Amino acid sequence: MYDVIIVGGGASGMMAAAVAGESGKRVLLIEKNKNLGEKLKISGGGRCNITNAEYDVHKFLSHYGKAAPFLYSPYSQFGVKDTFRFFESHGLPLVVQARNRAFPHTERALDVYLTLEKILKKNNITILTNSPITRISHKDNQITSVFVKSKEYKAAKYILATGGISHPETGSTGDGFGFLKKLGHTIIKPTPTIVPLKVPDKWIHSLAGVSIDFMKITFFVDDKRILTKKGKVLFTHFGLSGPLILNAASEVSGFLEGGKVTATIDCFPDTDHGALDSRIIAVFDANKNKMFKNIFKNIAPEGMSEAILSLLPEMIDPNTKVHSITVPMRKHIVQLLKTLPLSISGLMGYDRAVVSDGGVPLTEIDTKHMKSLIIENLYVTGDLLHINRPSGGYSLQLCWTTGYVAGKQI
């Protein structure tokens, strides 16, 4: 008989086990994968954006939308500063980079996992891997036991930390949603919320691997401007990714339901049409006798000249000598660089999603303790909770906070 059984050995499950174990409780951590922390090890492109160094709790929670009012209590118990203290006190210094994103100083997600693993070993946490839960038994609003195949395990309390359905190859396949539904909880259907966008335009595909550190993208629904955002964009073989795109995906998902979605990219958002025209004139004046295609790389963003040339109309032959480029031609080039056109055909699936929403609505959780309001001895953490949030450390902080609070309650 254990004090607590934790189902799911990801970020929030490991945190809950670490905290409960440090208080001397008998903890069983059950994970269906061969190893713990599979998604954690690949998070942040292998660097692990461990949190966001925004210390004002009101500003921090504003990024969680409608969930924010439910999260003040747990974040007052374990917030951003506590995350820094926790990991640094266990020998993992953190570093803050652009947009307040915090990473392990080594910039290795594996080191975050190894730090948690060290704490679990130190506190003698019993760990079962390769052990998918096949059934959860309950009676009179209490979980009585969990089964791994035919083997039964019992505890006084239970924590479900199985994650959502983003990156299913790491084991996040939505099992917890099924268990929670059988236990009487409502499950809001998940959607991939931080996910790249699918773009059918071939010129985009030709730019796979190229990124623009600062640009502006404007989205249109049936030619009506709806949303404008600035930031970094990464071109891929299927469309668009990068921080700006990932954080716009949830809104774009809604646009796709309302009509035809298109977009334009402004490669020089801080330069108006007149200033960009002057810049091009200066390049032209210095290269009057060269072919336009050979000097366009001095105008276009790095790595994008050939793709943008393919969008120019027939009136502008790339082999034209620069001195033959007319004023209307030059004005068209300016306009193109300020409004590169593309179509949005959809969102990529859960396999490419950084985060998906969906899960248990917070109205069914006592968030002060991360305790189910339906099952008396059940706690729910991390991606099993229906909470929208952007990329940039907010998702992992949610795991650390909810895992800590649940573990502390044990």
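Going by the structure above, here's the rest.
Residues numbered from 1 in each chain as written. Predicted model: local features only at pLDDT ≥ 70, side-chain atom pairs only at ≥ 80, totals over all residues. Heavy atoms only, no water.

Strands sit in the order 3-5-4 across an open sheet of three strands; the sheet is antiparallel. The sheet is open, and its two edges are formed by strand 3 (51–52) and strand 4 (94–96), each paired on a single side. Direction of pairing for strand 3 relative to strand 5 (residues 101–104): antiparallel, over a ladder of two bridges. When the bridges of strand 5 are listed, Asn52 appears paired with Arg101. Taken strand by strand, helix 5 (residues 80–89) contacts strand 3, strand 4 and strand 5, and its axis lies near 140° from that of strand 4. (Pairing = 2+ DSSP bridges. Helix = DSSP H or I, 4+ residues; strand = E, 2+ residues; numbered from the N terminus. Contact = heavy atoms within 4.5 Å. Axes fitted to C-alpha atoms, helices over the stretch in contact; angles between N-to-C directions.)

Moving on, we get to the packing of aromatic side chains. This model, assessed by the stated rule, comprises 13 aromatic pairs. Residues Phe60 and Tyr75 carry aromatic rings whose centres are separated by 5.7 Å and whose planes lie at 40° to one another, so their mutual orientation is tilted. Residue Phe60 is located in helix 3 (residues 57–61), and its partner Tyr75 is located in helix 4 (residues 68–77); the two are separated by 15 residues in the primary sequence. The class of Phe60 is buried, set by a relative accessible area of 1%. When the centroid spacing of 6.1 Å and the interplanar angle of 85° are considered together, the rings of Tyr64 and Tyr394 count as edge-to-face. (Phe/Tyr/Trp six-rings, centres within 6.5 Å; stacked < 30°, edge-to-face > 60°. Buried < 20%, exposed > 50% of the residue type's maximum accessible area, 1.4 Å probe, protein only.)

In this section: the sheet that holds strand 8 (residues 142–148). Pairing within the open sheet is antiparallel, and its three strands lie in the order 7-8-9. Because the sheet does not close on itself, it has two edges, and the strands there are strand 7 (135–139) and strand 9 (151–153). Averaged over neighbouring strand pairs, the angle between their axes works out to 30° when direction is ignored. Relative to strand 8, strand 7 runs antiparallel, the two sharing five bridges. When the bridges of strand 8 are listed, His138 appears paired with Ile143.

On to the pattern of salt bridges, then. Taken as a whole and judged by the stated rule, the model has 11 salt bridges. As a salt-bridge pair, Lys229 and Glu251 come within 3.7 Å of each other at their nearest N and O atoms. Of this pair, Lys229 sits in strand 14 (residues 224–235) while Glu251 sits in helix 9 (residues 243–256); the two residues are 22 residues apart in sequence, bridging distant segments of the chain. Judged by its relative accessible area of 26%, Lys229 is partly exposed. The partner of Arg330 in a salt bridge is Asp277, with the nearest N and O atoms 2.6 Å apart. Linking Arg330 in helix 13 (residues 327–338) with Asp277 in helix 10 (residues 273–286), this pair joins segments that are 53 residues apart in sequence. A relative accessible area of 13% means that Arg330 is categorised as buried. (Salt bridge = Lys/Arg side-chain N within 4 Å of Asp/Glu carboxyl O.)

All right, on to the side chain of Asp111 then. Examined against the element boundaries, Asp111 turns out to sit in helix 6 (residues 109–122). There is a polar contact of 2.6 Å between the side chain of Asp111 and the side chain of Thr106. Looking at Asp111, its side chain comes within polar contact range of the side chain of Arg108, at 2.7 Å. (Polar contact = N/O pair within 3.5 Å; in protein donor to acceptor, adjacent residues only side chain to side chain.)

Examined against the element boundaries, Ile226 turns out to sit in strand 14. Judged by its relative accessible area of 39%, Ile226 is partly exposed. In sequence terms Ile226 and Ala263 are 37 residues apart; their C-alpha atoms lie 9.8 Å from each other. In contact with Ile226, other than residues within four places in its own chain, are Phe219, Phe220, Val221 and Phe255.

In this structure, the second largest pocket occupies an estimated 420 Å³ of space. Contributing to the lining of the second largest pocket are 22 residues, with Tyr64, Gly65, Lys66, Asn388 and Arg389 lying nearest its centre. When residues of the lining of the second largest pocket are traced back to their parent elements, those giving at least two are strand 11 (192–194) and helix 9. The biggest single contributor to the lining of the second largest pocket is helix 9, with four residues. Its residues assigned to classes, the lining of the second largest pocket shows 10 nonpolar, eight polar and four charged. (1 Å grid on protein atoms, 1.4 Å probe; cavity = no way out; pocket = protein on both sides within 12 Å on 5 of 7 lines; lining within 4 Å. Points joined across faces, edges and corners; volume = space filled by probe spheres on them. Nonpolar A, V, L, I, M, F, W, Y, C, P; charged D, E, K, R; others polar.)

Next up on the list: the nonpolar core. Core analysis: the largest hydrophobic core is formed by 79 residues, its most contacted members being Ile5, Tyr64 and Trp400. If you look at the next biggest cluster of nonpolar residues, it comprises 55 residues, including Val283, Phe296, Ile333 and Ile344. (Core = buried A, V, L, I, M, F, W, Y, C linked by side-chain atoms within 4.5 Å.)

Before going further, it helps to spend a moment on unusual backbone geometry. Notably, Asn124 is not glycine yet its phi reads approximately 55°, a positive angle. Among the secondary structure elements, Asn124 is positioned in the loop between helix 6 and strand 6 (126–128). With phi around 60°, Met370 is a residue other than glycine that occupies positive phi space. Within the secondary structure, Met370 is located in the loop between strand 20 (365–366) and strand 21 (371–372).

Direction of pairing for strand 13 (residues 211–221) relative to strand 14: antiparallel, over a ladder of nine bridges. Each bridged residue has a counterpart across the sheet, and for Lys216 the counterpart in strand 14 is Lys230. Between strand 13 and the antiparallel strand that follows it, strand 14, lie two residues; Asp222 among them carries a positive phi value of about 50°. Where strand 13 meets strand 16 (residues 261–266), six bridges bridge the pair, whose relative direction is antiparallel. Directly across from Val221, in strand 16, lies its bridge partner Val261.

Geometric descriptors of this kind do not, in isolation, establish any biological role.
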